[in-house]
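Overview (structure and organization)
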Amino acid sequence: MDIPRIFNITESAHRIHNPITPEKLATLGAALRLEAGERVLDLGSGSGEMLCTWARDHGVVGTGVDLSRLFTEQARRRAEELGVAGRVSFIHGDAAGHVSDEKVGVAACLGATWIGGGVAGTIALLARSLRSGGIILIGEPYWRQLPPSEEVARGCLAGSIADFLTLPDLLASFGGLGYDVVEMVLADQDGWDRYEAAKWLTMRRWLEANPGDELASEVRALLHSEPARYAAHTREYLGWGVFALMPR
Ligand code: SAH
């Protein structure tokens with residue numbers, strides 16, 4: 001059980017698998033006014049940077065669930081490295097339907113809302129683990145500018161324009177689901193560059209080390225096409241943010 005191998009290759013060197021930077025992750029942790037001992041659940045926790053740094057900086061305790069064996073191992077190593085292995089744990093597995101045994105003060109899913117079948121379903125899933133007064137965190141793309149055509153949307157690796165909303169519409173949609181938006185931290189284009197451009201050096205080095213791999217031609221083609229595709233599409237049209245929600 002794992003994610004498609006291509007992601008374990010292209011994102012093997014990432015600590016954060018999203019356009020949010022370490023600085024903005026720290027800003028988000030401070031913005032939420034986390035208290036020591038607060039429980040955090042993170043579905044699609046990737047390499048664990050959010051839980052590990054918040055455990056170090058704010059004394060939170062928590063659990064991450066992720067389908068990538070590689071990222072989960074990296075998360076456990078990061079927890080050891082930051083001296084927080086006693087406060088955070090990482091489960092390798094499918095987070096679909098995952099509800100924590102004990103209620104949490106923060107229930108998060110950053111950049112993996114397919115886990116609950118979309119934003120609304122993921123909010124409903126996270127709500128099942130949330131204590132009264134707790135905060136749900138959703139990390140999700142939105143259109144910085146509406147793509148002028150479906151072709152441009154597909155160039156952003158969206159299925160269609162309808163896959164994402166503009167920022168005002170996304171914020172309003174949370175209200176429509178019965179939630180107050182109580183905080184947000186938005187990524188910017190520099191953050192997108194850290195997420196996307198970091199894949200290129202990883203791909204180049206992986207190709208040099210694995211020339212005969214069955215995915216070598218796919219990775220070679222991606223390294224060829226991705227910089228221009230990214231600059232023309234994702235970087236211009238797609239925004240990304242983390243939205244903090246509390247039920248009304
Ligand atoms: N939240 C992390 C990772 C975001 S990338 C961060 O911000 O760094 C999306 C993550 O979802 C990847 O780590 C991927 O392995 C994980 N994932 C994909 N499908 C999943 C599933 N069904 N259950 C749990 N994790 C999943």
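Scroll up for the structure.
Attention here is on the structure that accompanies the text. Model, not experiment: these values are computed from the prediction. Sequence order as written defines the numbering, with residues in each chain counted from 1. Two thresholds apply to this predicted model, a pLDDT of at least 70 for residue-level local features and 80 or more for giving and counting side-chain atom pairs, whereas whole-chain, interface and lining totals are computed over all residues. No hydrogens and no water enter the side-chain calculation; it runs on all heavy atoms of the structure.

Going along the chain from the N terminus, every DSSP run of H or I of four or more residues is numbered as a helix, and every run of E of two or more is numbered as a strand. Tracing the sequence through the fold places D193 in helix α8 (residues 189-209). A distance of 2.8 Å separates the side chain of D193 from the side chain of R235, its partner in a polar contact. Any two residues whose heavy atoms approach within 4.5 Å are treated as being in contact. Those residues within four positions of D193 in sequence are excluded, and the remaining contacts are A198, Y230 and R235. Pairs of N or O atoms within 3.5 Å make up the polar contacts considered here, provided that, within protein, one atom can donate a hydrogen while the other can accept it, and that residues adjacent in sequence are counted only when both atoms are side-chain atoms.

For the rest of this paragraph, the subject is the nonpolar core. For this analysis, a nonpolar core means a set of buried residues of the types Ala, Val, Leu, Ile, Met, Phe, Trp, Tyr and Cys, connected via side-chain atoms within 4.5 Å. Accessible area is worked out with a 1.4 Å probe on protein chains only. A residue is then buried under 20% of its type maximum, exposed over 50%, and partly exposed in between. Residues L32, W54, V88, L110, L137 and W143 are the most contacted members of the largest nonpolar core, which totals 40 residues. Considering every element that reaches this core, the biggest residue donor is helix α3 (residues 49-58), with 5 residues. In this structure L32 touches W54, I135, L137 and A244, once residues within four positions along its chain are discounted.

Taken in spatial order, the 7 strands of this open sheet run β3-β2-β1-β4-β5-β7-β6, and their pairing is mixed. Either end of the sheet is taken by a strand with one partner, and the two such strands are β3 (88-92) and β6 (179-186). With strand direction ignored, the average angle separating the axes of adjacent strands in the sheet is 20°. Paired strands, in this sense, are two strands between which DSSP finds at least two bridges. Across 5 bridges, strand β2 (residues 61-66) lies against β3 in parallel orientation. In the strand pairing of β3, D66 is matched with H92. A fitted line through C-alpha atoms serves as each axis, taken over the contacting stretch for helices, and the angle formed by two N-to-C directions is quoted from 0 to 180°. The strands touched by helix α5 (residues 119-127) within the sheet are β1 (39-43), β4 (104-110), β5 (130-143), β6 and β7 (238-247), with β5 carrying the most contacts at an inclination of about 160°.

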